[in-house]
Amino acid sequence: MRCVLLASGSGTLTQAVLDAHAGTGTGVDVVAVGSDRPRAQVLDRARAAGVETFAVPPAEHADRSAWNSALTAAVAAYAPDWVVSAGFMRILGEEFVDRFAHRIINTHPALLPSFPGAHGVRDALAYGVKVTGTTIHLVDAGTDTGPIIAQFPVPIREDDDEDSLHERIRAVERARLVELLGHLASAGLRVEGRRVTGWSPVE
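Scoring rules and cut-offs
Residues numbered from 1 in each chain as written. Predicted model: local features only at pLDDT ≥ 70, side-chain atom pairs only at ≥ 80, totals over all residues. Heavy atoms only, no water. Core = buried A, V, L, I, M, F, W, Y, C linked by side-chain atoms within 4.5 Å. Buried < 20%, exposed > 50% of the residue type's maximum accessible area, 1.4 Å probe, protein only. Helix = DSSP H or I, 4+ residues; strand = E, 2+ residues; numbered from the N terminus. Contact = heavy atoms within 4.5 Å. Axes fitted to C-alpha atoms, helices over the stretch in contact; angles between N-to-C directions. Parallel < 35°, antiparallel > 145°, perpendicular 65-115°, else oblique. Left-handed = near helix turned anticlockwise from the far one by under 90°. Nonpolar A, V, L, I, M, F, W, Y, C, P; charged D, E, K, R; others polar.

Some details on the nonpolar core
Soluble, globular proteins show a tendency: their nonpolar side chains are buried together.
Here comes step 1: Counting 33 residues, the largest nonpolar core has Val-33, Trp-82, Ile-105, Ile-149, Leu-181, Leu-184 and Trp-199 as its most contacted members.
Here comes step 2: For this core, the secondary-structure elements that each account for two or more residues are β1 (2-6), α1 (12-21), β2 (29-35), α2 (41-48), β4 (82-85), β6 (131-138), β7 (148-155) and α6 (162-184).
Here comes step 3: The greatest single-element share of this core, amounting to five residues, is contributed by α6.
Here comes step 4: In contact with Trp-82, not counting residues within four places along its chain, are Met-1, Arg-2, Cys-3, Val-4, His-102, Arg-103, Ile-104, Ile-105, Leu-138, Leu-184 and Leu-189.
Here comes step 5: Membership of the second largest hydrophobic core comes to 19 residues, among which are Val-4, Val-31, Leu-71 and Tyr-78.

A closer look at the packing of helix α5 (residues 120-127) against α6
Here comes step 1: Orientation of α5 relative to α6, taken along the N-to-C sense of each, is 120°, at an axis distance of 10 Å. With respect to α6, the element α5 is oriented oblique. Remark: the crossing between α5 and α6 carries right-handed chirality. Here α5 contributes Val-121, Arg-122 and Leu-125 to the contact with α6, which in turn contributes Glu-162, Leu-165, His-166 and Ile-169.
Here comes step 2: Taken together, the residues of the contact of α5 with α6 break down into four nonpolar, one polar and two charged.

Written as structure tokens, this is what we have:
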């Protein structure tokens, strides 16, 4: 199974996938890691693992549509079975989503549909909820609105701040994304409207 990972920052989620699957014979072939930032640390992590990298900076394109077209072409060149948004801090445009429909996975640090957007952890804390978590979902043209694959709760502690809570959520994201990709290497998902079936996470 050919996977392209997209990330914008340090790449801890990407590193977890590389450690578990790159060159390990699990059936998950990470064929490339891409970023919107040419100097992102995630690209260094990929190169260290012997994985090809690419960058598509928005500043090098006339507008968002042109950037989205360039990103679509860059990813399509690797003929991926799945595209994983692993901390990619850009909204994927309609052209990209249509090209890889039902084949783009994202992790979000909240229990969607609550607290979508870039500040899911901060927003959950500010609202005062007692349980948050992470959502693994398929990407559609909206912001964190795609069909949900699975959700995993993370209790909020009285002494939590944004950093401590986010790190506990990230630990769950890393383990569960690795598990999902391993499943997809030998099986698939069934999508009927908003209902996604075909994966039973290990309890």
